[in-house]
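Understanding the architecture of this molecule
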Amino acid sequence: MSSVEFKPPEVSHAPQISRLVRETPKLDHNSEYIYALWCAYFARNSAVAVNGDEVLAFVTGFRSPASPEVYFLWQTAAKSRHGIPNLGVDLIQYAAEREIASGARIVEASVDAKNKPMTILMKTLCKRLGGDLETEVLFDSETLSANGTQHHEETLYRIRLRDRG
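Here goes a summary of the coordinates provided.

1. A few points about unusual backbone geometry
Not every positive phi belongs to a glycine, and Arg81 is a case in point at roughly 55°. Within the fold, Arg81 resides in the loop between β4 (70–78) and α3 (87–101). At Asn86, a residue that is not glycine, the phi angle is positive and equals roughly 60°. Positionally, Asn86 belongs in the loop between β4 and α3. Residue classification places Asn86 among the partly exposed positions, given a relative accessible area of 49%.

Structure, rendered in structure tokens:
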């Protein structure tokens, strides 16, 4: 395998990102249009890990307009059997550190409490970034369940960065 590059996504990456989401259990699936918009309008807050033209992993995120010090990680996934140790957490750290360099002081993600890999990832990221981890319910399952569908509760994981001075 040639080298892996971390960089902002391009619109041409949207179909591969959408496919990765569909192939990843427990991720909410969205339209290809959403991922094209994300790659066009939130590329500077997101990242892909690419090997040549192949997207191996992605993370989408944004800065909250109401709280610009908050960087919210929206979705992330990696291809199965990519063979690169720590690819997911390294990519998320890359994206988070870019946001921290431009003023973010808090990194957040909402996680299904039963999603142990993402819970471990957030704890690892917290340790790497030198922060303190807090959790609280972001949305209860009733709020997210509509038209007879059931959705799990979303727990907000918040990493408050310590002063680096």
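Once the structure has been displayed, the description carries forward.
2. A short note on the pairing of β4
Counting buried residues in β4 gives 7 out of 9 residues, a clear majority hidden from the surface. In terms of strand pairing, strand β3 (residues 54–63) meets β4 through 7 bridges, oriented antiparallel. Considered in β4, the bridge of Phe62 is made with Phe72. Count of turn residues in the β3/β4 antiparallel hairpin: 6 residues. In this region the chain leaves β4, passes through α3 and returns to the parallel neighbour strand β5 (residues 106–112); the handedness of that crossover is right-handed.

Conventions we followed
- Residues numbered from 1 in each chain as written.
- Predicted model: local features only at pLDDT ≥ 70, side-chain atom pairs only at ≥ 80, totals over all residues.
- Heavy atoms only, no water.
- Helix = DSSP H or I, 4+ residues; strand = E, 2+ residues; numbered from the N terminus.
- Buried < 20%, exposed > 50% of the residue type's maximum accessible area, 1.4 Å probe, protein only.
- Pairing = 2+ DSSP bridges.
- Right-handed = clockwise from strand over helix to strand, strands pointing away.

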